[in-house]
Amino acid sequence: MRNPMVAGNWKMHKTGEEAREFLSAVKESVKGETVEAVLCAPFTALPPLREALGRSHASIKLGAQNMHWEEKGAYTGEISPLMLQELEVDYVILGHSERRAYFHETDAEIEKKVFSAFAHGLTPILCVGETLAEREKGETEQVISRQLQGLKNFPKEKISSLVIAYEPVWAIGTGKTASAEEAARVIGWIRRQIFTLVSEEVSREVRILYGGSVNAENIDQFMAEEEIDGALVGGASLKPESFVKMVEIAGRRKGR
Ligand code: PGA
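Summarised in this report is the structure supplied together with it. The structure displayed is predicted, hence computed values, not measured ones.

So, the overall build of the protein
- Scanning the protein from terminus to terminus reveals eleven helices and eight strands.
- A compact globule built from 256 residues should have a C-alpha radius of gyration of about 18 Å, and the protein, at 17 Å, falls within 12% of that.
- Expressed along its principal axes, the backbone C-alpha trace of the protein runs to roughly 45 × 45 × 35 Å.
- For the protein, the proportion of its 256 residues judged to be buried stands at 54%.
- Long-range contacts, defined here as pairs at least 24 residues apart, represent 74% of the contacts in the protein between residues at least 6 apart.
- Carbon and sulfur atoms make up 51% of the accessible area of the protein, which amounts to about 11400 Å² in all.
- A distance of 1 Å separates the average location of the 32 positive side-chain charges in the protein from that of its 38 negative side-chain charges.

What follows is the structure, encoded as structure tokens:
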């Protein structure tokens with residue numbers, strides 16, 4: 001069974017102090033939930049979050065939003081997997097479309113990052129998705145297929161823990177979502193790709209989230225889809241009430 005997940009991608013929002021305030025507002029409410037709630041916070045907010053959370057809170061996990069693949073070196077401004085290990089994060093978002101678009105990350109670089117994350121005990125949340133122009137040209141599957149090529153090389157014993165987030169670029173931060181049926185269709189297609197590239201067993205185990213303008217008002221329709229294992233949420237994850245509400249709704253639909 002795939003454990004459902006609601007992951008907040010805070011992007012470049014919240015200082016350490018603001019993160020701590022957020023956590024104290026949500027901590028008790030999400031305690032009993034069977035959904036995995038993940039906070040992907042800026043690097044500087046991770047130590048205060050870890051300190052405030054302790055190690056015993058089973059429902060809330062921490063994630064980073066990017067990392068370099070090397071352990072150390074002359075890479076000004078980058079952060080390494082060893083540094084993330086020290087911050088005790090569980091997850092790391094890799095290949096987010098904002099990294100691809102604004103920082104020109106390539107599929108080859110993202111593949112190296114996923115390898116490195118696995119090698120250092122971090123679980124990647126690998127983002128894939130097409131732009132509006134690509135969708136209009138009917139290239140959605142072709143684009144995602146290219147973004148998923150690394151799958152066949154990833155370590156077999158680790159790959160089933162991978163989390164994939166399908167985020168159509170045109171739906172991110174725009175208020176436009178894919179319809180739940182369309183998101184489920186693409187996610188079903190991604191699962192079949194995993195079947196072909198890796199194995200049936202892995203295709204059944206990998207969690208695939210939908211992302212792109214998800215909020216407390218619309219999350220239920222995505223969670224109602226069997227294929228969709230959770231959501232990666234940007235803007236709507238910044239407010240404690242809406243984060244808690246999304247975790248509750250996902251829990252009602254998918255929790256055990
Ligand atoms: P959004 O962002 O929910 O604000 O659209 C999603 C994401 O970028 O992960």
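Don't stop here, the text continues.
Concerning the environment of Thr-131
- Mapped onto the secondary structure, Thr-131 falls in the loop between strand S5 (123-128) and helix H6 (132-136).
- Expressed as a C-alpha distance, the spacing of Thr-131 and Val-169, which sit 38 residues apart in the sequence, is 4.8 Å.
- The residues touching Thr-131, leaving out its near neighbours within four places in the chain, are Val-169 and Trp-170.

What to know about the nonpolar core
- Within the largest apolar cluster, 72 residues are counted, with the highest numbers of intra-cluster contacts made by Val-6, Leu-84, Leu-151, Ile-164, Ile-190, Ile-194 and Tyr-210.
- Here the element with the most residues in this core is helix H8 (residues 180-197); it accounts for nine residues.
- If you look at the next biggest cluster of nonpolar residues, it comprises twelve residues, including Cys-40, Tyr-91, Ile-125 and Ala-165.

Looking at the site of the ligand
- If you check the shell around the ligand, you find 13 residues, and the closest are Lys-11, His-96, Glu-167, Gly-173 and Ser-213.
- Contact distances for the ligand include 2.8 Å between an oxygen atom and a backbone N or O atom of Gly-234.
- Notes on the ligand: free accessible area 280 Å², of which the protein chains cover 95%.
- A per-class count over the shell around the ligand returns four nonpolar, seven polar and two charged.

Re helix H5 (residues 107-119)
- In a regular helix each residue adds 1.5 Å, so 13 residues correspond to 18 Å; H5 covers 18 Å between its end C-alpha atoms and thus fits that length.
- Listed as buried for H5 are Ile-110, Lys-113, Val-114, Ser-116, Ala-117 and Phe-118.
- The inward-facing, buried residues of H5 abut helix H3 (81-86), strand S4 (91-94), helix H4 (97-102) and S5.
- Just downstream of H5 lies Gly-121, where phi reads positive at about 75°.

Notes on the layout of surface pockets
- Its volume calculated, the largest pocket comes out at about 520 Å³.
- Along the walls of the largest pocket sit 17 residues, with Lys-11, Met-12, Gln-65, Arg-99 and Phe-103 positioned nearest its centre.
- Looking at the lining of the largest pocket element by element, the count peaks at three residues for H4.
- Its residues assigned to classes, the lining of the largest pocket comprises eight nonpolar, five polar and four charged.

Considerations on helix H7 (residues 140-147)
- Taken together, the buried positions of H7 are Thr-140, Val-143, Ile-144 and Gln-147. The arc that holds the buried residues of H7, viewed along the axis, is 95°, so those residues lie on one side.
- Packed against the buried residues of H7 are H4, H5, S5, H6, strand S6 (163-166) and H8.

Observations regarding the packing of aromatic side chains
- Taken as a whole and assessed by the stated rule, the structure comprises six aromatic pairs.
- Geometrically, the ring pair formed by Phe-115 and Phe-154 is edge-to-face, given 5.4 Å between the ring centres and 75° between the ring planes. One end of the pair, Phe-115, is in helix H5; the other, Phe-154, is in the loop between H7 and S6, with 39 residues separating them in the sequence.
- Judged by relative accessible area, which is 4%, Phe-154 ranks as buried.
- Linked through ring pairs, Trp-10, Phe-22 and Phe-243 together constitute an aromatic cluster.
- When the ring centre of Trp-10 is taken as origin, the NZ or CZ atom of Lys-14, which lies over that ring, is 5.3 Å away.

Reading the values: rules and limits
- Residues numbered from 1 in each chain as written.
- Predicted model: local features only at pLDDT ≥ 70, side-chain atom pairs only at ≥ 80, totals over all residues.
- Heavy atoms only, no water.
- Helix = DSSP H or I, 4+ residues; strand = E, 2+ residues; numbered from the N terminus.
- Rg over C-alpha atoms; globule rule 2.2 N^0.38 Å.
- Buried < 20%, exposed > 50% of the residue type's maximum accessible area, 1.4 Å probe, protein only.
- Contact = heavy atoms within 4.5 Å.
- Areas by Shrake-Rupley, 256 points an atom, 1.4 Å probe, with all protein chains shown as cover.
- Lys, Arg positive; Asp, Glu negative; His and termini not counted.
- Charge placed at Lys NZ, Arg CZ, Asp CG, Glu CD.
- Core = buried A, V, L, I, M, F, W, Y, C linked by side-chain atoms within 4.5 Å.
- Near = heavy atom within 4 Å.
- Polar contact = N/O pair within 3.5 Å; in protein donor to acceptor, adjacent residues only side chain to side chain.
- Nonpolar A, V, L, I, M, F, W, Y, C, P; charged D, E, K, R; others polar.
- Expected span 1.5 Å × (residues − 1).
- 1 Å grid on protein atoms, 1.4 Å probe; cavity = no way out; pocket = protein on both sides within 12 Å on 5 of 7 lines; lining within 4 Å.
- Points joined across faces, edges and corners; volume = space filled by probe spheres on them.
- Arc of directions from axis to C-beta.
- Phe/Tyr/Trp six-rings, centres within 6.5 Å; stacked < 30°, edge-to-face > 60°.
- Lys NZ or Arg CZ within 6 Å of the ring centre and 35° of its normal.

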